[in-house]
Amino acid sequence: MYLTPKSSLFLGGSCVSAIAAVGSIFELGYGQPDFGFTATAIILVLSIPLTGLFFFAAVKDARANMK
């Protein structure tokens, strides 16, 4: 089995941060973000690299357990 609890958590984190990025893009595109422009922009800037890092960590962990 390739999917471990650790890689599942990383993959879940990647999904949550990707959803936050997409939501932030829509909020900023609408023009009146619920959390304000600055907070929404910070969420967007942080969530994009987190998505990649979590996904990379999930794939790395799954490949390490391919026995």
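Residues numbered from 1 in each chain as written. Predicted model: local features only at pLDDT ≥ 70, side-chain atom pairs only at ≥ 80, totals over all residues. Heavy atoms only, no water.

## Some points on the UniProt feature "transmembrane region" (unreviewed entry) in the protein
The feature "transmembrane region" (unreviewed entry), as annotated in UniProt, sits at residues 9–29 and 35–59 in this numbering. Secondary structure content for residues 9–29 is 100% helix and 0% strand, and the end C-alpha separation is 30 Å. The span residues 35–59 is 92% helix and 0% strand, and its two end C-alpha atoms sit 33 Å from each other. (UniProt positions renumbered as here; feature names shortened; annotations may be inferred. Helix = DSSP H or I, 4+ residues; strand = E, 2+ residues; numbered from the N terminus.)

## Some words on the environment of serine 7
Note on placement: serine 7 falls in helix α1 (residues 5–30). Remark: the alpha-carbon pair of serine 7 and alanine 57, spanning 50 residues in sequence, is separated by 7.2 Å. Beyond its immediate sequence surroundings of up to four residues, serine 7 is in contact with Tyr2, Ala58, Asp61 and Ala62. Among the polar contacts listed, one links the side chain of serine 7 to the backbone nitrogen of threonine 4, at a separation of 2.9 Å. (Contact = heavy atoms within 4.5 Å. Polar contact = N/O pair within 3.5 Å; in protein donor to acceptor, adjacent residues only side chain to side chain.)

## A few points about the side chain of threonine 4
Tracing the sequence through the fold places threonine 4 in the segment before α1. Discounting residues that sit within four places of it in the chain, threonine 4 has contacts with Asp61 and Asn65.

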